[in-house]
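As a plain string of letters, each chain reads:
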Amino acid sequence: MNLLVLILLPLLTAVAVLLMRNAKQVKAVALAGAATQLVLSFVLLFGYYKERARGNTAQMLFEQQYNWFPSWHISFHLGVDGISVAMILLTAFVVIAGVLVSWNVTKMTKEFYFLLILLSLGAYGFFISLDLFILFFFLEIAVIPKYLLIGIWGSGKKEYSANKLALMLMGGSALVLVGLLGIYFSNTAHSFDLIQLSKLNIPVQTQMICFPLLFVGFGVFTALFPFHTWVPDGHSSAPTAGSMFLAGISMKLGGYGCLRVATYLMPEGAKEYATIVIVLSVIAILYGAFATMMQKDLKYINAYSSVSHCGFVLLGIGMLTKTSMTGAVMQMVSHGLMTALFFAIIGMIYERTHTRQVSEMGGLLKRMPFIISVLFIVGLCSLGLPGLSGFVAEMTVFMGSWQHPDTFSRVATVLACLSIVVTAVYILRAVAKTAMGPLKEEFETLTDATWNEKLAALILIAGILAIGIAPSWLNDLVSPGSEIIMQKLSIPK
Amino acid sequence: MDEMFTLMKPELVLTGIIFLLLFIKLGKGMKNETMLLLVQVLLLLNFIAGFFFNAEGRLFDGMYLTTNMIVLQKNMLSLGVYLISLLFADWFKKSEHMPEFFMLMLSALLGMFFLISSGNLLMFFLALELSTIPVAAMANFELDKKRSSEAAMKMILSSAFSSGILLFGISLIYGATGTISFSELPQHLDGSPLQILALVFLFSAFAFKLSVVPFHLWTADVYEGSPIAVTSFLSVISKGAVAFIFMATLYKVFQPMQAIWYNLVMILSIATMIIGNLFALRQQNIKRFLAFSSIAQVGFILVGISSNAVEGTTSVVYFILVYVFSNLAAFGVAAAIAAKAGRENIDDYKGLYQTNPFLSWVLALALFSLAGIPPTAGFFGKLFLLTAGASKGSYLFIIIAALNMIISLYYYLRVIRSVFMDKNEQPLEKIKIEPSVKLGLMICGAGIILVGLLSWIYDYVQSLS
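Residues numbered from 1 in each chain as written. Chains lettered and ligands numbered in written order. Predicted model: local features only at pLDDT ≥ 70, side-chain atom pairs only at ≥ 80, totals over all residues.

On to the overall build of chain B, then. Counting its secondary structure elements, chain B contains 21 helices and 2 strands. For chain B, whose C-alpha radius of gyration is 21 Å, the value lies close to the compact-globule estimate of 23 Å for 465 residues. Structurally, chain B occupies a C-alpha span of about 65 × 60 × 45 Å along its principal axes. Residues counted as buried form 58% of the 465 residues belonging to chain B. For chain B, restricting intrachain contacts to residue pairs at least 6 apart in sequence, the fraction spanning at least 24 positions comes to 81%. (Helix = DSSP H or I, 4+ residues; strand = E, 2+ residues; numbered from the N terminus. Rg over C-alpha atoms; globule rule 2.2 N^0.38 Å. Buried ≥ 20, exposed ≤ 12 C-beta atoms within 10 Å, placed from the backbone. Contact = placed C-beta atoms within 7 Å.)

This brings us to unusual backbone geometry. A cis amide bond links Val213 of chain B with the next residue in sequence, Pro214 of chain B, at an omega value of 10 degrees. Residue placement: Pro214 of chain B occurs in the loop between helix H10 (193–210) and helix H11 (217–225). Geometrically, the link from Pro374 of chain B to Pro375 of chain B is a cis peptide bond, its omega value of 0 degrees lying close to zero. Within the secondary structure, Pro375 of chain B is located in the loop between helix H17 (357–371) and helix H18 (377–390). The phi torsion at Phe62 of chain A lies on the positive side, around 50 degrees, for a residue other than glycine. A positive phi is found at Ala223 of chain A, a non-glycine position, where the angle reads about 65 degrees. Of note, Ala223 of chain A is situated in the loop between helix H9 (204–221) and helix H10 (230–237).

All names here are of chain A. Given a rise of 1.5 Å per residue, 14 residues ought to cover 20 Å, and the 20 Å separating the end C-alpha atoms of helix H17 (residues 389–402) matches this to within 8%. Most of H17 is tucked away: 11 of the 14 residues are buried. Among the residues of H17, those classed as buried are Ser389, Gly390, Phe391, Val392, Ala393, Glu394, Thr396, Val397, Phe398, Gly400 and Ser401. On its buried side, H17 packs onto helix H13 (298–319), helix H14 (322–353), helix H16 (369–382), helix H18 (407–435) and helix H19 (451–469). (Expected span 1.5 Å × (residues − 1).)

If you look at the interface, chain A gives 26 residues, while chain B gives 27 residues. Mapped onto the side of chain A that touches chain B, the elements with two or more residues apiece are helix H5 (132–141), helix H6 (143–153) and helix H7 (158–186) of chain A. Broken down by element, the side of chain A that touches chain B gets its largest block of residues, 12 residues, from H7 of chain A. Residue composition of the side of chain A that touches chain B, by class: 19 nonpolar, 5 polar and 2 charged. (Nonpolar A, V, L, I, M, F, W, Y, C, P; charged D, E, K, R; others polar.)

All names here are of chain A. Positionally, Gln205 belongs in helix H9. Judged by local crowding, Gln205 falls into the exposed class, with 10 C-beta atoms found within 10 Å. Gln205 sits 19 residues away from Ser186 along the chain, and the two C-alpha atoms are 9.5 Å apart.

Okay, the confidence of the model for chain B next. Within chain B, residue pLDDT values average 88, and 100% of them lie at 70 or more. The ipTM for the predicted assembly is 0.90, set against a pTM of 0.92. (pLDDT = per-residue confidence, 0-100.)

Let's shift gears to the pairing of strand E2 (residues 75–80) of chain A. Residue and element names in this part refer to chain A. Of all the 6 residues making up E2, 6 are buried; the element is thus mostly covered by neighbouring parts of the structure. Here E2 shows a buried face lined by Ser75, His77 and Gly79 and a second buried face lined by Phe76, Leu78 and Val80. Across 5 bridges, the pairing between strand E1 (residues 61–67) and E2 is antiparallel. By the bridge assignment, Gln65 is partnered in E2 with His77. (Pairing = 2+ DSSP bridges.)

Residues and elements named next belong to chain A. Contact pair helix H2 (residues 23–53) / helix H4 (residues 109–128): the axes reach a minimum separation of 9 Å and the direction vectors enclose 15 degrees. With respect to H4, the element H2 is oriented roughly parallel. As H2 runs across H4, the sense of the crossing is left-handed. Contact residues: H2 offers Ala23, Val26, Ala30 and Gly33, while H4 offers Thr109, Lys110, Tyr113 and Ile117. Tallied by class, residues from the contact of H2 with H4 come to 5 nonpolar, 2 polar and 1 charged. (Axes fitted to C-alpha atoms, helices over the stretch in contact; angles between N-to-C directions. Parallel < 35°, antiparallel > 145°, perpendicular 65-115°, else oblique. Left-handed = near helix turned anticlockwise from the far one by under 90°.)

In this section: H2 of chain A. All names here are of chain A. With 31 residues, H2 extends 45 Å between its outermost C-alpha atoms, agreeing within 8% with the 45 Å of an ideal straight helix rising 1.5 Å per residue. Val26, Lys27, Val29, Ala30, Gly33, Ala34, Gln37, Ser41, Leu44, Leu45 and Tyr48 are the residues of H2 that are buried. At the exit of H2 stands Gly55, carrying a positive phi of roughly 90 degrees.

Let us look at the packing of H6 of chain A against H7 of chain A. All names here are of chain A. Contact geometry for H6 and H7: axes closest at 8 Å, N-to-C directions at 170 degrees. Relative to H7, H6 is oriented roughly antiparallel. Residues Val143, Lys146, Tyr147, Ile150 and Gly151 of H6 touch H7, and the partners they reach there are Lys158, Glu159, Ser161, Ala162, Leu165, Ala166, Leu169 and Met170. When the residues that make up the contact of H6 with H7 are grouped by side-chain class, the tally is 8 nonpolar, 2 polar and 3 charged.

On to the environment of His216 of chain B. All names here are of chain B. Of note, His216 is situated in the loop between H10 and H11. What makes His216 buried here is the crowd of 22 C-beta atoms within 10 Å. Put simply, His216 and Ile295 are 79 residues apart on the chain and 7.5 Å apart in space, counted from C-alpha to C-alpha. Residues contacting His216, with those up to four places away along its chain left out, are Ser211 and Ile295.

Put into structure tokens, the structure is as follows:
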């Protein structure tokens with residue numbers, strides 16, 4: 001499969017959206033584009049299986065390389081391994097769901113869809129690039145659409161949140177940039193190429209400087225404590241699809257970068273700073289969970305719980321075992337699907353009740369059985385019920401973490417496990433309060449989900465179930481990738 | 001003789017245009033609209049002519065020299081002037097003395113051509129004066145406005161001051177080395193205290209022209225007071241020309257003292273970025289805002305200059321090409337709004353997107369490019385400046401520069417926010433854009449997108465440096 005298609009398709013869709021005359025056409029084009037993305041991601045998945053079945057053991061498949069700025073040794077180098085394929089699948093699922101739930105956007109529809117598609121372009125490009133320069137290029141492409149999505153279509157203190165998000169994410173990418181430049185000049189080849197760099201050994205001294213820069217830089221994107229503060233504000237102010245893209249795709253860019261760039265390229269740095277990473281991620285997990293307990297707004301609940309759940313991603317990466325890193329990727333996919341669904345449902349509820357305060361709801365199950373049933377499913381997924389994706393992913397992270405016999409890792413793992421109890425408390429409380437109890441009078445006339453909302457929810461639920469019931473396919477997809485990272489980690493200095 | 005015609009072709013063409021304008025002015029009898037169209041065509045031809053029959057060589061014992069790189073730099077300046085003639089059509093048409101304005105502007109451009117081509121400190125000084133004095137007259141062009149005269153006064157005083165410093169530096173250099181020729185100077189430079197003093201004086205004069213902190217104080221007032229066409233000429237064309245010759249002087253002439261000027265460049269770069277950015281944060285007037293942001297941009301240019309000759313030259317020339325498109329686009333939009341609605345404050349832009357989507361998108365592109373956001377060319381320009389600067393291996397310097405990009409993003413986003421997000425009961429009415437302004441804005445927009453993505457442009461610049 002030609003990976004360029006993954007960049008060109010969103011680009012063409014975005015241009016086509018701009019050319020359309022009215023909102024109906026815009027939506028049709030965007031939906032067609034998103035559906036094609038989904039089809040393509042499956043084509044990619046099966047193409048990947050086919051190559052592997054044929055005995056192709058190359059680290060990266062479908063590689064392509066074009067010269068781009070040869071004077072800096074930059075090339076447009078694309079390729080995927082299992083980890084990238086998993087992330088691309090996630091992106092395609094979230095994009096189509098996001099397009100579907102935004103069906104009722106009436107304010108500047110064309111611009112809205114244009115930005116959504118542009119954001120997905122950044123994500124695809126990021127996940128398939130094997131050159132650090134273009135990786136960075138796509139990382140930054142994805143920032144400004146988020147800013148505009150929140151600032152124009154958002155609610156509440158949207159300007160503040162949009163500004164905070166854009167500045168913090170750009171701050172993160174500034175650190176990434178400095179780290180990348182450090183890597184670039186430390187190797188004699190002066191290369192940004194990921195594969196080439198992974199074969200060279202970056203000097204340990206450089207790793208000690210660049211690993212924290214890159215890890216923190218990417219960490220900002222994935223809510224690394226204490227740089228998580230944009231998450232609650234950004235998510236709660238964003239329009240529904242914006243929150244879905246933010247939590248479902250954008251935060252995953254950071255996790256992927258931490259794993260693929262920081263940890264893979266700089267194993268010595270990763271080992272040196274593992275303790276700090278683990279401590280910070282455990283703080284994020286617990287702090288996120290406890291902070292969620294205090295929230296009264298559904299969007300804030302999910303935003304803070306995202307901080308907590310993304311902590312598992314960082315914990316998995318910080319533990320540096322094959323299982324834990326596989327778990328981290330699985331958690332990224334699982335959380336992406338789950339949180340996108342959660343935000344979609346919150347959006348649907350808000351559109352009908354015009355409130356997101358848990359205390360003002362009640363008995364909604366009677367009026368909107370479909371929406372509230374999905375809320376149950378997603379809540380159970382969030383608290384880690386076996387059979388749904390959240391359990392599988394978190395369990396893998398815990399199993400990977402437990403492989404370390406030392407007390408510190410054990411304590412960290414146990415503490416992280418504790419958060420599940422807290423999660424259960426806040427999720428059950430919020431869901432119960434929303435769904436059950438007496439129905440308020442003003443909610444008597446509410447209607448259930450429309451076709452587009454149902455379709456969006458079903459697509460995401462399909463993903464959650466596919467991971468929850470049969471996790472092995474995802475595990476088999478991801479673990480060769482983490483195996484390679486592991487091999488690089490186990491080489492002595 | 002033949003050689004002189006080919007080597008000095010840009011200057012000769014420009015002189016021809018100036019004389020043509022002079023004769024037309026003397027003959028009278030041409031309406032402003034026709035005149036403007038004629039000037040635009042002439043400037044376009046001048047730009048196109050820059051690409052043909054070029055040669056490398058030196059004239060008058062090395063007083064004047066030209067290379068393919070220098071030709072490229074001159075072409076960039078010609079392009080900028082052509083864009084200016086398109087973008088500020090509203091203002092030109094209203095102006096009573098349009099031919100004079102273009103004569104002054106082209107004289108200044110001629111000075112810059114000689115400046116870039118100079119191979120001798122004397123030539124350099126003359127050219128610098130020729131490129132400065134007409135600009136002061138241009139700044140005073142809105143004769144009925146007090147602010148305009150004030151701007152011209154400030155401009156002429158500060159440039160006289162910097163010329164004095166420059167002359168003193170030149171005399172010290174001559175005293176220390178016995179030569180003023182660029183090609184002979186490097187052999188005589190050994191970093192003795194007197195030479196360092198001379199370097200510092202020369203450096204300050206450059207810093208004045210580039211408005212590097214702490215020599216930036218004239219910039220904001222002059223930019224705000226001058227007509228917007230002059231402001232954009234000052235901030236794009238003048239700065240570009242001075243940056244080119246500054247780079248050439250440092251890399252070619254002061255090469256033996258690189259260890260000394262590297263620190264100077266680094267410290268001034270940090271100061272310029274920080275001060276420029278901090279002052280830009282609170283500006284209300286769009287011209288003042290762009291003035292301070294352009295000071296900060298000069299800080300970034302210095303990051304590139306701190307590098308080695310090849311990477312430094314390439315990245316700076318490339319950045320200035322990007323900067324021509326981005327900054328002129330921003331000024332163009334501001335001018336279109338100021339001409340039709342008479343508003344120059346950022347707050348007046350609230351809700352602009354509702355009524356003027358085209359202007360808003362161009363402004364957004366320009367500001368994103370200035371802030372260095374992909375996929376605009378500014379991203380590549382800034383990134384390559386930082387990469388070039390990082391080749392010397394100073395992490396702290398690059399971190400400070402990268403963090404400054406965040407500060408600058410904050411204030412660029414402030415404008416974006418006004419345009420796209422803020423609600424306004426009475427947004428500016430729909431502005432009818434002149435065809436030539438529209439053409440100019442579209443060229444700028446295309447440049448902002450294409451210069452970055454087409455990587456051969458960078459390679460072409462690299463092949464020349």
